[in-house]
Amino acid sequence: MSRDALPSPDDVHENGVDVGGDFQLVTIVGAGPAGLMLGSTLARYGIKAAVIDNRDDKTSTGRADGLQPKTIETFQQLRLSDALLQRGVKIYDICFWHSSATESLRRQRREIHYPADLDVENPFILLVHQGMVEDVFLKDLRERNIEVTRGLTFQKYECTDELLRVTYTENKTGTCRSFDTRYLIGCDGARGNVRPSIPGAEMIGEISNSKWGVIDGVIETNFPDLWSKVVIHSETAGTVLCIPRERNMTRLYIELDRSIEGSERATQELVMRKAQLVMAPYSVTWTSVEWFSVYKVGQRVSSTFINETSRVFIAGDAAHTHSPKAAQGMNTSMHDTFNLSWKLNLDIRGLSKPALLSTYQDERRKIAQDLINFDFEHAAAFTNGDAKALADNFAMNVGFISGFGVKYATNAVNVPERHPRGKLRAGELVPPAKVTRYIDANPVNIELDVPLLGQFRVYFFATDILASSSFLSSVCAHISSAASVQGRATIRAAKSYVQMPIRPVEADQFVQPMRYIPESQLFTFAAVTGMEKSKFDVSDLPAVLQKSRWTVYLDDIKDRKTGESCTQKWVGRVAKDEVVIVNVRPDGYVGTVGRFVNSDGVEACEWLDSYYGGFLLA
C-alpha cells in the first residue's frame, strides 16, 4: 500500500474492531485511558481503530484518580467534560500535617493547590477514578460505532513489507490468531507485551523499595481536613496522603515498612492499622472499602517510544512509570496519545512528511523524562515528611503538574518567533482568554471555542480589521489557492476525506463541526479584532473569513486578573498598521507566530508556505 493510497471502505472493517478479519488500519492494544483517548480522537478525525484489551471488563474501581487542569481543558475541547465535572470532586487546597515523638499531630500549613498566578481556567484538580474516565470514552466510542474487543492478549508483531502481522491469544480458548495492521500502538501498561516486541526498547531507571498501600472507601473520622488534599507525616509512624473522592469516599495512600516483602503480606487490615497510627490521635474507621492495592514506587522511561519503521508506538505506562502521588500518570498517558493522534491522522492520510510523526518521540519522551525527574524529588519529599520541601517542590513544578507548563522543543512544527511579545511561545499551550463571538455576541473562551477536529488553527490579529483589509485579502487569496502550501494541502486533504470520511454522529448536531472547517478540512481560519461590532460587518472581510464567520471574534473582554485583552495577552501590542498571524497545532500548542506590517502580504505568504511546507505534503 503506497503512502498516497488510502484503504478504501472495503479494505477496512466498518466498525474498526473485527479483529477476526485480515486487516486493520490502526490497532490499539490496551483500553485504559491512554488507549481510549487515542481511539476517541482518531474516530473524530475519521480513523476507525481496532481496540483490543486483555481484561474481560473495564475498570470499575480504583486505580488512577485525578485530572489536572490541562486534562480538564482537553475534555472540554472534546466536549466530553460535563459528566466528569458533575460527578468529580474539585480540590482547591492542600494541607500539611506533622507529628513527632514529642509533639502531637498538628496542621503546619494550608495552601491554595494552584496559586493565583497560574494562568488556568480550571484552577483545581478533579478527583474521579479511572473507571469514570473510561466510561466517558467508551460511551463516545459506541456512538461512533466502535467497541473494545476484550479477552484478547497481544503476543507479538512482525514486520511484513509496509504492514505488521499481529499475533494475539484468545484468553478463554487459548487459541492464537493473527491479522495485519498498518499501525500498532501499545497502551498496554508497564507489564504489556508491545514494548518488549520493539527491538531495543528497554526501561531505563530504578525501582525503589518504597511500598505504599492504597485504600478507597468511606471513612468515619474526626480528622478536620478530610475534604482537602492532605499530606500527613508522623516521624514515628510514617506518611499518609489523603485525597477526597466521589460518592463520599476518601483515598488514602499509606507508606509501608520496606521490610514487608510482597503484596501478599501487606494486607488491607495491616494497611488500615498503619493509617490509624499515622493519623492518631484522630480516630479513623472505614464503613466500606471499594478498592485496595499495594504498589512499589519506581521511575523509569523507555529508551524509545517508536520502532525503526515508525509503525509501532508505545504510550502511557508502557513507556514510563512513576509514583502516583502527584496525579500525573493518567494525565500524562492520555496526553501521550493525544499528541500522537493528530500526527497519526495526517500520516495515515498521506498529508504529512515523516518529520511530523517523528516529533511524537522527541516531544513525549522529553516530557516523560521531565516527569521522572520531578517525581523522584516529589516522592522523596513525601517519604521524608518534609512539609516545606514538599510545598517548595510543588510550587516550583506547579506549571508542569497542571499540564500548562509542558514545553516542547523547537522542531518542524514548533518554530520560535523572532521577537516574541505577549505570552505565546512556540511549543507551549495558548493561555486562556475571553473574547466575544461576532456572529451571536456570545462571550467565549477562545482556546476552547473551536472543538478538536484535527485541524490547525490560523488566527489573524488586527486592531483595525478594515485598515488591514488589503493585507488580509492578499494573504487569504494566497492560502486558498493552489499556489500556496496550505491551498495544495487543502486539495489533498479534501480527496483524503472523500476516501475516508468522518462519519457524523448525534453529538455533531450540537457541536456543528462544519462551522469550523468551511474552507478546509485541514485548517480553521479565525480573526480577532479590537474594532467595535457596529463598525464592520462580516461581508467586509475576505472570502475565507466570511466563510469562517463562526470564528470571527471581538477582542472586547479584559482578563479579570491582569486587565489584558486577548490580543495583549497572546501577542502583545498590535499597531493599527500591523497584523499578527498565530498558527496553533491541532492539540492546542503554539506552532509559530508572525508579525507583519500591512503591505502586499507577500512576506506573510512566503512565511506561511515555509512553515507549513516544513511538515505537510503538498
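Note that the coordinates shown come from a computational prediction; the quantities given were computed from them, not determined experimentally. (Residues numbered from 1 in each chain as written. Predicted model: local features only at pLDDT ≥ 70, side-chain atom pairs only at ≥ 80, totals over all residues. Heavy atoms only, no water.)

Engineer: I'd like to hear about the side chain of Asp216, residue by residue, with values.
Structural biologist: If you trace the backbone, Asp216 turns up in strand 12 (residues 203-221). On the accessibility criterion, Asp216 (0% relative accessible area) is buried. (Helix = DSSP H or I, 4+ residues; strand = E, 2+ residues; numbered from the N terminus. Buried < 20%, exposed > 50% of the residue type's maximum accessible area, 1.4 Å probe, protein only.)

Engineer: How would you explain the side chain of Ser402 if you had to name every residue and give the values?
Structural biologist: Among the secondary structure elements, Ser402 is positioned in helix 10 (residues 398-402). The buried category is assigned to Ser402, whose relative accessible area is 0%. Among residues more than four places away in sequence, those in contact with Ser402 are Gln68, Pro69, Lys70, Tyr114 and Leu118. (Contact = heavy atoms within 4.5 Å.)

Engineer: Would you mind going over the pattern of salt bridges in detail, with residue names and values included?
Structural biologist: As enumerated under the stated definition, the model contains 35 salt bridges in all. Put simply, Glu73 and Lys70 hold a salt bridge, and the shortest N to O gap is 3.2 Å. In this pair, Glu73 and Lys70 are both assigned in helix 2 (residues 69-77), 3 residues apart and thus about one turn of the helix distant. The burial state of Glu73 is the same as that of Lys70; both residues are buried. (Salt bridge = Lys/Arg side-chain N within 4 Å of Asp/Glu carboxyl O.)

Engineer: I'd love a proper account of the packing of helix 1 (residues 33-44) against helix 4 (residues 130-143), names of residues and values included.
Structural biologist: Where helix 1 contacts helix 4, the two axes come as close as 10 Å, and the packing angle between them is 25°. Of the possible angle classes, the one that applies to helix 1 and helix 4 is roughly parallel. Here helix 1 runs over helix 4; the crossing is left-handed. On helix 4, the residues that touch Pro33, Leu36, Met37, Gly39, Ser40 and Arg44 of helix 1 are Gln130, Val133, Glu134, Phe137, Leu138, Asp140 and Leu141. Classifying every residue of the contact of helix 1 with helix 4 gives 7 nonpolar, 3 polar and 3 charged. (Axes fitted to C-alpha atoms, helices over the stretch in contact; angles between N-to-C directions. Parallel < 35°, antiparallel > 145°, perpendicular 65-115°, else oblique. Left-handed = near helix turned anticlockwise from the far one by under 90°. Nonpolar A, V, L, I, M, F, W, Y, C, P; charged D, E, K, R; others polar.)

Engineer: Describe the pairing of strand 10 (residues 163-170), and please don't skip the residues or the numbers.
Structural biologist: Judged from the 8 bridges that link them, strand 9 (residues 152-160) and strand 10 form a sheet pairing that is antiparallel. Paired with Leu152 across the two strands is Glu170, which belongs to strand 10. Here strand 10 runs beside strand 11 (residues 176-186); their pairing, made up of 6 bridges, is antiparallel. Each residue of the ladder has a partner; that of Leu164, found in strand 11, is Thr181. The hairpin turn running from strand 10 into strand 11, its antiparallel successor, is 5 residues long, and Gly174 in that turn takes a positive phi close to 75°. (Pairing = 2+ DSSP bridges.)

Engineer: Pulling in residues and values, what's your account of the sheet that holds strand 7 (residues 125-127)?
Structural biologist: In sheet architecture, strand pairing relies on hydrogen bonds along the backbone and comes in two forms, parallel and antiparallel. Spatial ordering of the open sheet is given by 3-7-4, a layout of 3 strands whose pairing is antiparallel. Of all the strands in the sheet, just strand 3 (66-67) and strand 4 (89-91) have a single pairing partner and so form its edges. In this structure, strand 4 lies alongside strand 7, joined through 3 bridges in antiparallel fashion. Residue pairing in the sheet places Lys90 in a bridge with Leu126 of strand 7.

Engineer: Any chance you could break down helix 1 for me, citing the residues and the numbers?
Structural biologist: With 12 residues, helix 1 extends 16 Å from end C-alpha to end C-alpha; this agrees with the ideal 16 Å at 1.5 Å per step. With 12 of 12 residues buried, helix 1 is to be regarded as a mostly interior element. Among the residues of helix 1, Pro33, Ala34, Gly35, Leu36, Met37, Leu38, Gly39, Ser40, Thr41, Leu42, Ala43 and Arg44 are the ones counted as buried. In the core, the buried residues of helix 1 are packed alongside strand 1 (23-29), helix 2, helix 4, strand 11 and helix 7 (329-348). Directly after helix 1, the chain includes Gly46, whose backbone phi takes a positive value near 95°. (Expected span 1.5 Å × (residues − 1).)

Engineer: An account of the sheet that holds strand 21 (residues 456-462) is requested, with residue identities and associated values reported.
Structural biologist: The sheet built from 7 strands is open, its strands ordered 20-19-23-22-21-24-25 with mixed pairing. Every other strand in the sheet has two partners, leaving strand 20 (443-445) and strand 25 (590-597) as the edge strands with one partner each. Averaged over all neighbouring strand pairs, the angle between strand axes comes to 30°, with direction disregarded. Relative to strand 25, strand 24 (residues 578-584) runs antiparallel, the two sharing 7 bridges. Its bridge partner lying in strand 25, Val580 is registered against Arg595. Against the sheet, helix 17 (residues 602-613) contacts strand 21, strand 22 (523-529), strand 24 and strand 25, and its axis sits at roughly 165° relative to strand 25.

Engineer: Any chance you could break down the environment of Pro504 for me, citing the residues and the numbers?
Structural biologist: Within the element layout of this structure, Pro504 appears in the loop between helix 13 (485-499) and helix 14 (508-511). C-alpha separation for the pair Pro504 and Arg144, spaced 360 residues apart in sequence, amounts to 8.1 Å.

Engineer: Could you give an account of helix 17, with specific residues and numbers?
Structural biologist: Compared with the 16 Å implied by 1.5 Å per residue over 12 residues, the 16 Å span of helix 17 between its first and last C-alpha is a close match. All buried positions along helix 17 are accounted for by Ala604, Cys605, Leu608, Asp609, Tyr611, Tyr612 and Gly613.

Engineer: Explain the confidence of the model for the protein residue by residue, including any values.
Structural biologist: Here the protein averages 91 in pLDDT, and 93% of its residues register 70 or above. Confidence drops under a pLDDT of 50 for residues 1-17, and excluding neighbours within four residues, the segment shows 49 contacts in the predicted structure. (pLDDT = per-residue confidence, 0-100.)

Engineer: Explain the nonpolar core to me, using residue names and the numbers behind them.
Structural biologist: Within the largest apolar cluster, 111 residues are counted, with the highest numbers of intra-cluster contacts made by Val26, Leu67, Phe460 and Tyr612. Ranked by residue count, the leading element in this core is helix 7, at 8 residues. With sequence-adjacent residues up to four places away left out, Val26 is seen in contact with Leu42, Ile47, Ala49, Ala50, Thr181, Tyr183, Ile185, Leu344 and Ile348. Val120, Leu127, Val398 and Tyr589 belong to the second largest nonpolar core, which has 34 residues in total. (Core = buried A, V, L, I, M, F, W, Y, C linked by side-chain atoms within 4.5 Å.)

Engineer: Describe unusual backbone geometry, and please don't skip the residues or the numbers.
Structural biologist: In this structure, the amide linkage connecting Ala280 to the following residue, Pro281, adopts the cis form with an omega of 15°. With respect to the helices and strands, the residue Pro281 is situated in the loop between helix 6 (268-279) and strand 16 (284-302). Phi angles above zero are rare outside glycine, and Ser310 is one such case at about 55°. If you trace the backbone, Ser310 turns up in the loop between strand 16 and strand 17 (312-314). A positive phi angle is found at Ala441, which is not glycine, with a value near 65°. Relative to the assigned elements, Ala441 resides in the loop between strand 19 (434-437) and strand 20.

Engineer: Can you tell me about the packing of aromatic side chains, naming the residues and giving the values?
Structural biologist: With the rule as written, the count across this model stands at 26 aromatic pairs. Between Tyr253 and Tyr295 the ring centres are 6.3 Å apart and the planes differ by 85°, which places this aromatic pair in the edge-to-face class. Highlighted residues: Tyr253 in strand 15 (residues 250-256) and Tyr295 in strand 16, separated in sequence by 42 residues. An identical accessibility class is assigned to Tyr253 and Tyr295; each is buried. Considering the side-chain rings of Tyr459 and Phe461, the 6.4 Å spacing of their centres and the 45° angle between planes classify their relative orientation as tilted. In this structure Tyr459 comes out as buried when scored by relative accessible area, which is 1%. Taken together through their ring pairs, the aromatic side chains of Trp342, Phe456, Phe523, Phe525, Tyr611, Tyr612 and Phe615 make up a single cluster. The residue whose ring lies beneath Arg109 is Phe96, and the NZ or CZ to ring-centre distance is 6.0 Å. Lying over the aromatic face of Tyr497, Arg349 brings its terminal NZ or CZ to 3.6 Å of the ring centre. (Phe/Tyr/Trp six-rings, centres within 6.5 Å; stacked < 30°, edge-to-face > 60°. Lys NZ or Arg CZ within 6 Å of the ring centre and 35° of its normal.)

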